Amino acid sequence: MKLSSIEKKIIENSIRDIKDFPKPGIVFKDITTLLNDREAYGVLMNHLYQKYKEYELDFIAGIDARGFIFGAALAQMLGIGFVPLRKKGKLPYTTISQKYSLEYGVDEIEVHIDAFSKIPHARVLLIDDLIATGGTANAAAELIKQTGAECVEACFILGLTFLDGIKNLQNQTSVYAVIEVN
Ligand code: AMP
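Quick notes on the site of the ligand
Item 1. Taken together, the neighbourhood of the ligand is formed by 13 residues, with D128, D129, T133, G134 and T136 sitting nearest.
Item 2. A distance of 2.7 Å separates an oxygen atom of the ligand from a polar backbone atom of G134.
Item 3. For the ligand, whose unbound accessible area comes to 490 Å², protein coverage reaches 80%.
Item 4. Of all elements in the fold, only β2 (27–30), β7 (123–131) and α5 (135–146) reach the threshold of two or more residues within the shell around the ligand.
Item 5. Top element by residues in the shell around the ligand is β7. It accounts for 4 residues.

This is how it looks when you write it as structure tokens:
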């Protein structure tokens, strides 16, 4: 299921650019204006549903925090479970974790050790709002593998193609970005 150019424009136009947030030189892609636009949100979620209903997925794993919004909605549409991949220290049960580099310093994401265990070798779709350097998504895909599940594909609403994030992540898993920003 390919998006038509009109549908793509509807989604694209609903995302707001905020210059110099959270610091000078960054153009922040604000998806809150997509979420509160029922036409754009509907077009996007319907597209993701039509695409991923063919994938025989068992779970969707969403990255903290904006990946939860799209991931949980899509999981419900597909009739499958949702698993949150959270920033360190937020999950209450036993976790496994993966560190990743930021521009300054390191961060860590975690998943509950039994999150995918109901289905052996579960087929998992990873989802987040945006891929930039790919550090977060790489760690997330690695984490899914460590649980014994399979990361079938990583899906992003926006992919910044002027960075190497998508290329790097493709060494680990298939990658799909609804909108490519160059
Ligand atoms: P990265 O690990 O560099 O691929 O960064 C991806 C994460 O940071 C995602 O969870 C995004 O939500 C967030 N992010 C990075 N750059 C931007 C941006 N320009 N606008 C909005 N969110 C961003």
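Comments concerning the packing of aromatic side chains
Item 1. Counted under the stated rule, the structure contains 5 aromatic pairs.
Item 2. Look at Y52 and Y55: their rings are 4.7 Å apart centre to centre, the planes differ by 65 degrees, and that puts the pair in the edge-to-face class.
Item 3. Take Y52: its relative accessible area is 1%, and that puts it in the buried class.
Item 4. Residues F59 and F116 carry aromatic rings whose centres are separated by 5.4 Å and whose planes lie at 75 degrees to one another, so their mutual orientation is edge-to-face. Taken together, the residues F59 in strand β3 (residues 59–63) and F116 in the loop between β6 (106–112) and β7 connect sequence positions 57 residues apart. Take F59 and F116: they sit in the same class, and that class is buried.
Item 5. Seen from the ring of Y52, K51 lies directly overhead, with NZ or CZ sitting 5.3 Å from the centre.

Thoughts on the packing of helix α1 (residues 5–14) against helix α3 (residues 38–52)
Helix-helix packing is characterised by the crossing angle of the two axes and by the distance between the axes.
Item 1. Two elements in contact, α1 and α3, have axes separated by 9 Å at closest approach and are oriented at 125 degrees. On the basis of the axis angle, α1 is oblique to α3. Pair α1 / α3 crosses with left-handed handedness. Contacts between α1 and α3 involve E7, I10, I11 and S14 on the former and, on the latter, E39, A40, V43 and L44.

Structural notes on the side chain of D64
Item 1. Residue placement: D64 occurs in the loop between β3 and α4 (66–78).
Item 2. Within the structure, the side chain of D64 is placed 2.8 Å from the backbone nitrogen of K87, a separation counted as a polar contact.
Item 3. When sequence neighbours within four positions are dropped, the list of residues in contact with D64 reads L85, R86 and K87.

Quick notes on α5
Item 1. Here α5 contains 12 residues, and its C-alpha end-to-end distance of 17 Å stays within 8% of the 16 Å for a straight helix at 1.5 Å per residue.
Item 2. By the burial criterion, the buried members of α5 are G135, A137, A139, A140, A141, L143 and I144.
Item 3. The first or second residue beyond α5 is G148, which carries a positive phi of 100 degrees.

Observations regarding the pairing of β6
Item 1. In terms of burial, β6 is a largely internal element, 5 of the 7 residues being buried.
Item 2. Sheet analysis places strand β4 (residues 81–87) next to β6, joined by 2 bridges and oriented antiparallel. Counterpart to K87 in the pairing with β6 is I109.
Item 3. One ladder, built from 7 bridges, connects strand β5 (residues 95–101) with β6; its direction is antiparallel. Bridge pairing links Q98 to I109 in β6.
Item 4. Between β5 and the antiparallel strand that follows it, β6, lie 4 residues; G105 among them carries a positive phi value of about 90 degrees.

Details of unusual backbone geometry
Item 1. Of the consecutive residues F21 and P22, the connecting peptide bond is found in the cis state with omega at 0 degrees.
Item 2. Relative to the assigned elements, P22 resides in the loop between β1 (16–19) and β2.
Item 3. Along the chain, D64 connects to A65 via a cis peptide bond; the corresponding omega equals 0 degrees.
Item 4. With a phi close to 50 degrees, E56 is a non-glycine residue in the positive phi region.
Item 5. Looking at where E56 falls in the secondary structure, it is placed in the loop between α3 and β3.

What counts and how
Residues numbered from 1 in each chain as written. Predicted model: local features only at pLDDT ≥ 70, side-chain atom pairs only at ≥ 80, totals over all residues. Heavy atoms only, no water. Near = heavy atom within 4 Å. Polar contact = N/O pair within 3.5 Å; in protein donor to acceptor, adjacent residues only side chain to side chain. Areas by Shrake-Rupley, 256 points an atom, 1.4 Å probe, with all protein chains shown as cover. Helix = DSSP H or I, 4+ residues; strand = E, 2+ residues; numbered from the N terminus. Phe/Tyr/Trp six-rings, centres within 6.5 Å; stacked < 30°, edge-to-face > 60°. Buried < 20%, exposed > 50% of the residue type's maximum accessible area, 1.4 Å probe, protein only. Lys NZ or Arg CZ within 6 Å of the ring centre and 35° of its normal. Axes fitted to C-alpha atoms, helices over the stretch in contact; angles between N-to-C directions. Parallel < 35°, antiparallel > 145°, perpendicular 65-115°, else oblique. Left-handed = near helix turned anticlockwise from the far one by under 90°. Contact = heavy atoms within 4.5 Å. Expected span 1.5 Å × (residues − 1). Pairing = 2+ DSSP bridges.

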